[in-house]
Amino acid sequence: MIEKKSKKNIKSKKKIIVFFIFIVVLCAFMFTGVSASVTLNLGDALSSSGASDSVNIILFLTVIALAPSILVLMTGFTRILIVLSFVRNALGLQQTPPNQVLIGLSLFLTVFLMSPIFVKINDNALQPYVKGDITQDQAITETMKPLREFMMAQMSPTDLKTFLSITNEPLPANYDDIKTEVLIPAFVINEIKRAFIIGFFIYIPFLIIDLVVASTLMSLGMMMLPPAMVSMPFKLILFMIVDGWGLIITTLMASFHSTG
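Every residue gets a number counted from 1 within its own chain, in the order that chain's sequence is written. Residue-level local features of this predicted model are given only where pLDDT is at least 70; pairs of side-chain atoms are given and counted only at 80 or more, and the full residue set underlies all totals for whole chains, interfaces and linings. For side-chain calculations, the full set of non-hydrogen atoms in the structure is used, while hydrogens and water are omitted.

**Q** Please provide a residue-by-residue account of a nonpolar patch on the surface, values included.
**A** Surface patches are drawn from residues lacking salt bridges whose relative accessible area is over 30%; two like charges belong together within 9 Å, two nonpolar side chains (Val, Leu, Ile, Met, Phe, Trp, Tyr) within 5 Å. Residue exposure ignores everything except the shown protein chains as possible cover, and the areas themselves are Shrake-Rupley values with a 1.4 Å probe. By salt bridge we mean one thing: a side-chain nitrogen of Lys or Arg within 4 Å of a carboxyl oxygen of Asp or Glu. Together, I197, F200, F201, I204, I208 and V212 make up an exposed nonpolar region whose accessible area comes to about 590 Å². Note on conventions: DSSP H or I runs of at least 4 residues are helices, E runs of at least 2 residues are strands, and numbering of each starts at the N terminus. Here F200 shows up in helix α8 (residues 180-219). Exposed residues in this analysis have more than 50% of their type's maximum accessible area, buried residues have under 20%, and partly exposed residues fall in between, with area computed by a 1.4 Å probe over protein chains only. Residue classification places F200 among the exposed residues on the basis of a relative accessible area of 52%.

Structure, rendered in structure tokens:
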């Protein structure tokens, strides 16, 4: 009972202190005459130059918000990240390298791969638009040209026909007539398919090691020992002897230069 009364007294004292601090702060604001005011001026925004600046700011923020989706869907980021994830799973490593490392490596490999395309976009679209030589529509068209060429170079006709059949559109005679909203999902599906094909060939040598280790342990009567625990050091040794990361990255970069 005494402990309960002491706890209640402590709580009541804390409430009194907090209330006292609140009163002191409120009185300080009242006596010093501090006031807050917010002024919203729409005069500049309603003018022609203000409206154009506001639209440019909104477009810039929209591009920043959509940048991750653009990076994932219109570049080689998807294929690179999926293949690196396959490598980690084939080695039997669940969280090594961590997801942050794989995503960061995939990001820098994507920048390395797409740097010529980014240079074209900067020279043909961004810089002329900043200087006022071309309009906004022309800048968007010039931005999409290198990206469409890259996606077309990786495109499989099968995936393209699939999405054209979904939209009930015939295959155009010229690839430039294909709509971007049809090209992007076909490109993403093609990237996932190629990443899975590369991942299949990555899994084969490690699967052989797992089978050999499992059969050896069974022949020795060590059925209670997990085969994955024994095979993991052998897979790591093999992967490091053949310079696995270098081979994987070289194969990935070479796969983008081969046409679909």
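**Q** Quick rundown of the packing of α8 against helix α10 (residues 244-257)? Include the residues and the values.
**A** Close contact between α8 and α10 brings their axes to 12 Å; oriented N to C, the two are set at 145°. As α8 runs across α10, the sense of the crossing is right-handed. Between α8, through E191, R194, I198 and I202, and α10, the contact on the second element is made entirely by I248, L252, S255 and F256. Charged residues are taken to be Asp, Glu, Lys and Arg, nonpolar residues to be Ala, Val, Leu, Ile, Met, Phe, Trp, Tyr, Cys and Pro, and polar residues to be all remaining types, Gly included. For the contact of α8 with α10, a count of residues per class yields five nonpolar, one polar and two charged. Helix axes are fitted only over the stretch in contact, all axes being lines through C-alpha atoms; the angle between N-to-C directions runs from 0 to 180 degrees. Left-handed describes a crossing whose near helix is turned anticlockwise from the far helix through less than a right angle; right-handed describes the clockwise counterpart. By definition, residues are in contact when any of their heavy atoms lie within 4.5 Å.

**Q** For the pattern of salt bridges, give the residues involved together with the corresponding values.
**A** Per the counting criterion, the structure on display carries three salt bridges. In this structure, E191 engages R79 in a salt bridge whose closest nitrogen and oxygen atoms are separated by 2.6 Å. In this pair, E191 sits in helix α8 while R79 sits in helix α4 (residues 77-90), placing the two residues 112 residues apart along the sequence. In this structure, D210 and K235 form a salt bridge, with 3.5 Å as the shortest nitrogen-oxygen distance. Note that D210 is positioned in helix α8 and K235 in helix α9 (residues 227-241), a separation of 25 residues in sequence. We classify D210 as partly exposed; its relative accessible area is 26%. Given a relative accessible area of 5%, K235 falls into the buried group.

**Q** Break down helix α5 (residues 99-131) for me, citing the residues and quoting the values.
**A** For an α-helix the count is 3.6 residues per turn, leaving residues at separations of three or four pointing the same way. Multiplying one less than the number of residues by 1.5 Å gives the expected span of a helix. The end-to-end C-alpha distance of α5 is 41 Å, clearly below the 48 Å that 33 residues give at a rise of 1.5 Å each. Note that the bend at a residue is defined as the angle between axes fitted to the seven residues ending at it and the seven residues starting at it. Where α5 bends most, at M114, the angle is about 60°, and the proline P116 comes one to four residues later. Of the residues trailing α5, G132 is marked for its positive phi of about 85°.

**Q** Requested: an account of the confidence of the model for the protein, with residues and values cited.
**A** Per-residue confidence from the prediction method is given by pLDDT, with values spanning 0 to 100. Per-residue pLDDT for the protein has a mean of 74; in total, 78% of the residues score no lower than 70. Across the protein, α4 holds the top mean pLDDT of 88, while helix α2 (residues 43-46) sits lowest at 43. Predicted confidence for residues 16-51 stays below pLDDT 50, and this span has six contacts to residues more than four positions away or in other chains.

**Q** Could you give an account of the packing of α5 against α10, with specific residues and numbers?
**A** How two helices sit against one another is set out by the angle between their axes and by the gap between those axes. At a closest axis distance of 11 Å, the pairing of α5 and α10 adopts a crossing angle of 40°. As α5 packs across α10, the resulting crossing turns out to be right-handed. For the pair α5 and α10, contact is made by L109, F112 and L113 and by I249, M253 and F256, respectively. Taken together, the residues of the contact of α5 with α10 break down into six nonpolar, no polar and no charged.

**Q** Residue-level account of unusual backbone geometry, with values.
**A** Located in the positive-phi region is D243, a residue other than glycine, with phi close to 55°. Within the secondary structure, D243 sits in the loop between α9 and α10.

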